[in-house]
Each structure stands twice: as C-alpha cells, then as structure tokens.
Amino acid sequence: MTDRLSSRMTKSLCDCFQEIPLSEPTQIIVIGGGAAGFMGAIACAEAAGPMAQVTILEAGREPLAKVRISGGGRCNVTHACFDPAILVQHYPRGGKALRGAFTRFQPQNTIDWFADRQVKLKTEADGRMFPTTDDSATIVDCLMHSTERHGIKRYTGAAVKLVEKIVDGLRPTEAHRFHVTLRSGQVMLADKVLLASGSSPQGHTIARDLGHTIEASVPSLFTFNVKDPRIEGLAGVAVNPALVKLQTGDQKLEQTGPVLITHWGLSGPAVLKLSAWGARALHESHYRAKLTVNWLPKYNLDSLKKELLMVKSQLPRRTIAASCPVMIPRRLWESLTFSAGIAPDLKWSDLPNKSLNKLMQELLQGQYDISGKGVFKEEFVTCGGVNLKQVDFKTMESKICPGLYFAGEVLDIDGVTGGFNFQSAWTTGWLAGQAMGEVRV
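A quick note: this is a predicted structure, and the numbers were derived from the prediction, not measured. Residue numbers restart at each chain and count upward from 1, following the sequence in its written direction. With pLDDT at 70 or above as the cut-off, local features in this predicted model cover only qualifying residues; side-chain atom pairs require 80 or more to be listed or tallied, and sums for whole chains, interfaces and linings still use all residues. Only hydrogens and water are removed before side-chain values are computed, so all heavy atoms of the structure are retained for them.

A. Fine view of the sheet that holds strand β9 (residues 177–182). Strand pairing is defined by DSSP finding a minimum of two bridges between the two strands. In DSSP terms, a helix is any run of H or I states spanning at least four residues, a strand is any run of E spanning at least two, and both are numbered starting from the N terminus. The strand order across the open sheet built from 3 strands is β8-β9-β10, with neighbouring strands paired in antiparallel fashion. Lying at the two open borders of the sheet, with one neighbouring strand each, are β8 (160–166) and β10 (187–190). Each adjacent strand pair in this sheet contributes to an overall mean axis angle of 20°, direction not counted. With 4 bridges joining them, β9 and β10 adopt antiparallel strand pairing. Counted as the bridge partner of His-179 is Leu-189 from β10. Axis definition: a line fitted to C-alpha atoms, over the contacting stretch in the case of helices. Angles run 0 to 180 degrees between N-to-C directions.

B. The sheet that holds strand β5 (residues 121–123), seen in detail. Across the sheet, 3 strands lie side by side as β4-β6-β5; this open sheet has antiparallel pairing. Each end of this open sheet is capped by a strand with a single partner; those strands are β4 (78–79) and β5. With 2 bridges connecting them, β4 and strand β6 (residues 128–131) associate as antiparallel partners. By the bridge assignment, His-79 is partnered in β6 with Arg-128.

C. Geometry of the pattern of salt bridges. The working definition used for a salt bridge is a side-chain nitrogen of Lys or Arg within 4 Å of a carboxyl oxygen of Asp or Glu. All told, the structure shown has 17 salt bridges when counted by the stated rule. Of the charged contacts, one joins Arg-280 and Asp-412 as a salt bridge, the two residues approaching to 3.7 Å between their closest N and O atoms. With Arg-280 in helix α10 (residues 279–284) and Asp-412 in the loop between β23 (404–406) and α14 (420–436), the pair connects residues that are 132 residues apart, well separated along the chain. For Arg-280, a relative accessible area of 26% gives the class partly exposed. Overall, Asp-412 belongs to the buried group, its relative accessible area being 11%. Residue burial is assigned from relative accessible area. The probe radius is 1.4 Å, only protein chains are included, and a residue is buried under 20% of its type maximum, exposed over 50%, and partly exposed in between.

D. Region of interest: helix α5 (residues 95–104). For α5, the complete set of buried residues consists of Gly-95, Leu-98, Ala-101 and Phe-102. For α5, the buried positions fall inside an angular range of 110° around the axis, keeping them on one side. Facing away from the buried side of α5 by over 90 degrees, the exposed positions are Lys-96 and Thr-103. Residues of α5 that are buried in the fold lie against α4 (84–87) and α14. What the arc measures is the spread of directions leading from the helix axis to the C-beta atoms. Here, two residues are considered to be in contact whenever any of their heavy atoms come within 4.5 Å of each other.

E. Seen up close, the pairing of strand β14 (residues 238–248). Two strands pair when backbone bridges link them, and β14 and strand β15 (residues 251–261) are joined in this way by 9 bridges, in the antiparallel orientation. Across the sheet, residue Val-244 finds its bridge partner in β15, namely Gln-255. Counting the residues between successive antiparallel strands, the hairpin from β14 to β15 contains 2 residues, one of them, Gly-249, with a positive phi of roughly 65°. Summarising the sheet, β14 and strand β17 (residues 289–294) pair through 5 bridges and their orientation is antiparallel. The residue bridging Lys-245 from the neighbouring strand is Thr-292, located in β17.

F. Representation of the pairing of β15 in the model. Looking at chain direction, β15 and strand β16 (residues 265–267) are connected through 2 bridges and run antiparallel. The residue bridging Ile-261 from the neighbouring strand is Leu-266, located in β16. The hairpin formed by β15 and β16 contains 3 residues between the paired strands.

As structure tokens, this is what we get:
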C-alpha cells in the first residue's frame, strides 16, 4: 500500500530529523505521482538497481489519479502510430522536440513495456489503445506493483514547497545536490530530481525558481460552448465525419472527424483537436470565435445541389423535413431545414431556389458563435510549461540546472486526444529515468 505522510508520521519524522540525510545509494526524488513520474521512477530503479534509492512524492491523496479516469475509466494508454515522423504530427506543441525522443521510446515500446509486465493492450478502430481488460485499474496496478518490486518509496499528501540546489562546501568538485522542502516543513536531500508535476502551478514555480522560462499555461482539449437554436435540444446527436473550421485573428484551423452535439454546444474528436491546435489563440480571444461547420464534407456545393435536385425530381410529393436524403441524423436535418426557412409541411416540388441555396449553406457552411469552453469529461490538459529549448531531449536533463530532469506535462508539450499525451509522458519519463540511472540511451 502507498505510504501516507499522515500527521502522525510527519510528526515522528520531524521529531527525529530536521533534515533527512540521504547518502549512499544515490538518492533520486521524483516530484509527481502521475504517469510520467511513475515511469521515470521505475525506469531509473531498473537502470540503477541497488545503486539508487528512488522516492516518489505525490501532492494529492492518491497517485495516478489521471490514469484512473482516462478514457472514461478504461485508460487510453497510447495510440497505434509507430512512425515517429507521423506521430509528432499529433502534438500542437512539442512535436519537433519529441522527434528524436520517439526514436528511442515510442508506442511500440510502450506496448512491449506493459507486455513485459503481463499487461496486454488492444487497438480500437480509431487507433486508440486500451488494456484488454477495459479497466484503468489494470494500468494503475501494474505501475504500483512495479514500484513495489523495485523498492521505490511512495508518499502521498507530500506537496513540495521548494527545491533548492546546493553545493557541499567540503566537496565543491563533486556533484551538486538538492534540498527538497515539503509544505510540512520536512526537508529531504537528493542527488537528482525529476520534476513530473503535470500542469501544477507549483511545479512551474519550482522550475522557474531554478532558472527556467515557463511558457504560459492555457487549457487545451476542451469542448465549445455554443448556444444556437439549430442545435438546441439535439444533445447526443453525432455526425461522422464533419468538418469544423476556426478563425481567430490571423490563424485559420480546420479538423475533420466525429462531431457530437451536447447540452452546452459541440464536442467530439474533431472539436477537441481543433481546441488543441487553437488553444493559445482561443485563450487570447477569451473563447469567443466564429466556427464554421460542414456537416457533409464529402460534398461540395455543386455535388450537393445535384443530389438535392435529383431528390426534388424523384420525390416531388414528399415533405422535405421528413425525407432526409443525406448521411446526417434526421433530427439534425429537420432542424437545419427549419433554419433554412423551410416549413415542416413543404414538399420537394415546392422548394424555391432561394430556400435550396439556404439549405445548402446550412449543411456545408453553417456559422456558429463560440461563447466559451467546457471541460472534456474529467480530464484536463494544458499547453504551456518549461521552455523546451532549456531541456536536453536525449536525457530530459535541464541545460540550466544539472541534476534536474523533466517529464510529462510540466513541459510545454501537449497532444491531441487519442492517447498521445500519455505517450509523451511514457517517453519523457522513460528517457529521464534511464538517464538518472546513468544508463546510456
């Protein structure tokens, strides 16, 4: 079971030590008990063996909280994309830096890593990969058991307040060490520190205090709040594929894929990907923007007009609202025909050209106002973090503060939905762990 820094335990430790002296073996402290932190800790312990004592400090009550809720509780571990050159295209920020990293540890390595620990993954039609159990507890248990097997210490409720780099005045030529101060006042010494604190502001503060530039954190992967009569009352209706386009300032973005109508607006993979690529621009516009939705991306104006005119000639006595000739849900078709000014009882034979053109515009070029953002399920992803130019992506060690390593979302890296954020966590965590264990990678 995970050790907890309870008030009783903290008191007993503080009674015995003003500082916890950590000598041999090499002391490694991992700040953050998420996917990247656990992977880094395990990789380090495996690489160093008994030569290192690894400790994970997690601020929350439970470690791996994000892993537990990922994929609706199934855990979208990674994505079945095995070409690093293609894989990096799924990262709005950080793709260039990850290019070399993915040649060392990519989704196939993730699959093998879990398989070596008796956890099998399966691939779904859209490329997302989950444990065959469809239960995130399988991944959590695997990571927890791996830390136990390698003697990795784990503490929850152990929020870190400050990390300071020190030099032993008696041995100035030897490696620098770190003071890690907890909010409880307890101080721990470490030879190396892995900062894997996710999007936590405190993690960014620690990195900044140690000399790093922090790119401003803003939300990524979110739904769009859209209040519009055309989609009101249609929650649960989905269209696949749909084409969504966004323009904020000089930035023009588009994505094609499933779009889901919700009680608050629009969601689905295409919208979430659009939110990731437009994260900063949307933040700057206070999440106010124009969204263009093409519900029928396989058509253009000419081909759609031909299709509708054919229906008009072949089914002249049918009512338009009740006879949907294209591949969208009937409820959405009815709403869009009404929006085009077509009465519910109007027949195809009586459809004027003006209404036909308006209907085509609604189907292919509908304009919707984004009035805010929502949260994608219980997951939360941000862009922003430690400036990537200040990190050596062969080892994940800081170029500014030797002995300090980074992994996961504390870096200015974020991927689109589909397992890509977990993959960057596994990759950067593994590279950092290997380097801290002084194994050549």
